[in-house]
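# Reading the structure
Chain by chain, the residues run as shown.
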Amino acid sequence: MSLIEWNASKHSVNIKHFDADHQKLFELFNDIADKMTAGEGNSIILCILLELRKYGKKHFIAEEVLMDRYAYPETSIHKQEHIIFTEKVDRFIERYKAGDKKLSIESFFFLKDWLNKHILETDKKYVDFFHKKGIE
Ligand SMILES: [Fe+2]
Ligand SMILES: [Fe+2]
């Protein structure tokens, strides 16, 4: 079951490797949801959470490098949003490790909704700017 479905016409930012990153992040969320629903052991879920943190960071850095390189006007507000996500993932991992089920489910849904909203509202804002710089 897909908890968060990739829809190209809705989510694509028309920059190939960023779309690939976003799809990978969606996959990781779906993977966590599946494992949680299936009642899988903590170590497996924790492993995917760490992967989510690592992959999220890698993706944010890739976006930020381009923003810095081309002096994208909304860089600082965009970076701020990335920090929020990273900190929430860290807290999610802590809660998960502490066995706080209720709070970790809340964190999970917060992160999933955050990612969807961030792509649709914040990432989409850089599309025209980067396209004008020849990035596809
Ligand atoms: Fe972003
Ligand atoms: Fe992004």
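Residues numbered from 1 in each chain as written. Chains lettered and ligands numbered in written order. Predicted model: local features only at pLDDT ≥ 70, side-chain atom pairs only at ≥ 80, totals over all residues. Heavy atoms only, no water.

### Description of the pattern of salt bridges
Under the counting rule described, the total for this entry stands at seven salt bridges. Residue Lys 112 is joined to Asp 113 by a salt bridge in which the shortest nitrogen-to-oxygen separation is 2.9 Å. For Lys 112, a relative accessible area of 14% puts it in the buried group. Classification of Asp 113 by relative accessible area gives partly exposed; the value is 43%. (Salt bridge = Lys/Arg side-chain N within 4 Å of Asp/Glu carboxyl O. Buried < 20%, exposed > 50% of the residue type's maximum accessible area, 1.4 Å probe, protein only.)

### Considerations on the environment of Val 65
Here Val 65 lies in helix H3 (residues 42-69). Given the relative accessible area of 40%, Val 65 is considered partly exposed. Val 65 sits 34 residues away from Asp 31 along the chain, and the two C-alpha atoms are 28 Å apart. (Helix = DSSP H or I, 4+ residues; strand = E, 2+ residues; numbered from the N terminus.)

### Remarks on the coordination of the iron ion (ligand 2)
Coordination sphere of the iron ion (ligand 2), protein contribution only: His 22 (NE2), His 59 (NE2), Glu 63 (OE) and Asp 123 (OD), at 2.1 to 2.2 Å. Taken together, the four donor atoms coordinating the iron ion (ligand 2) span angles of 83 to 166° at the metal, a pattern that classifies the geometry as irregular. Taken in sequence order, the residues that donate to the iron ion (ligand 2) follow the motif H-x36-H-x3-E-x59-D. Separating the iron ion (ligand 2) and the iron ion (ligand 1) is a distance of 3.4 Å, and Glu 63 donates to both of them. Linking His 59 with Glu 63, this pair stays in helix H3, spanning four residues, or about one helical turn. For the pair His 59 and Glu 63, one class covers both residues: buried. (Donors = N, O, S within 2.8 Å, 3.2 Å for Na, K, Ca; no water. Tetrahedral: all angles 85-135°; square planar, octahedral: opposite > 155°, others 65-115°.)

### Some words on the nonpolar core
Core analysis: the biggest nonpolar cluster contains 24 residues, and Phe 29, Ile 32, Leu 49, Phe 85 and Leu 115 have the highest contact counts within it. Counting only elements with at least two residues in this core, the list comes to helix H2 (16-37), H3, helix H4 (75-97) and helix H5 (101-122). Element by element, the count of residues in this core is highest for H3, at seven residues. Those residues in contact with Leu 115, other than ones at most four positions away along the chain, are Leu 25, Phe 26 and Phe 29. Residues Phe 18, Met 67, Val 127 and Phe 129 belong to the second largest nonpolar core, which totals 11 residues. (Core = buried A, V, L, I, M, F, W, Y, C linked by side-chain atoms within 4.5 Å. Contact = heavy atoms within 4.5 Å.)

### A short note on the environment of Glu 94
When you line up the elements, Glu 94 lands in helix H4. With a relative accessible area of 53%, Glu 94 lands in the exposed category. For the pair Glu 94 and Val 65, spaced 29 residues apart in sequence, the C-alpha separation works out to 29 Å.

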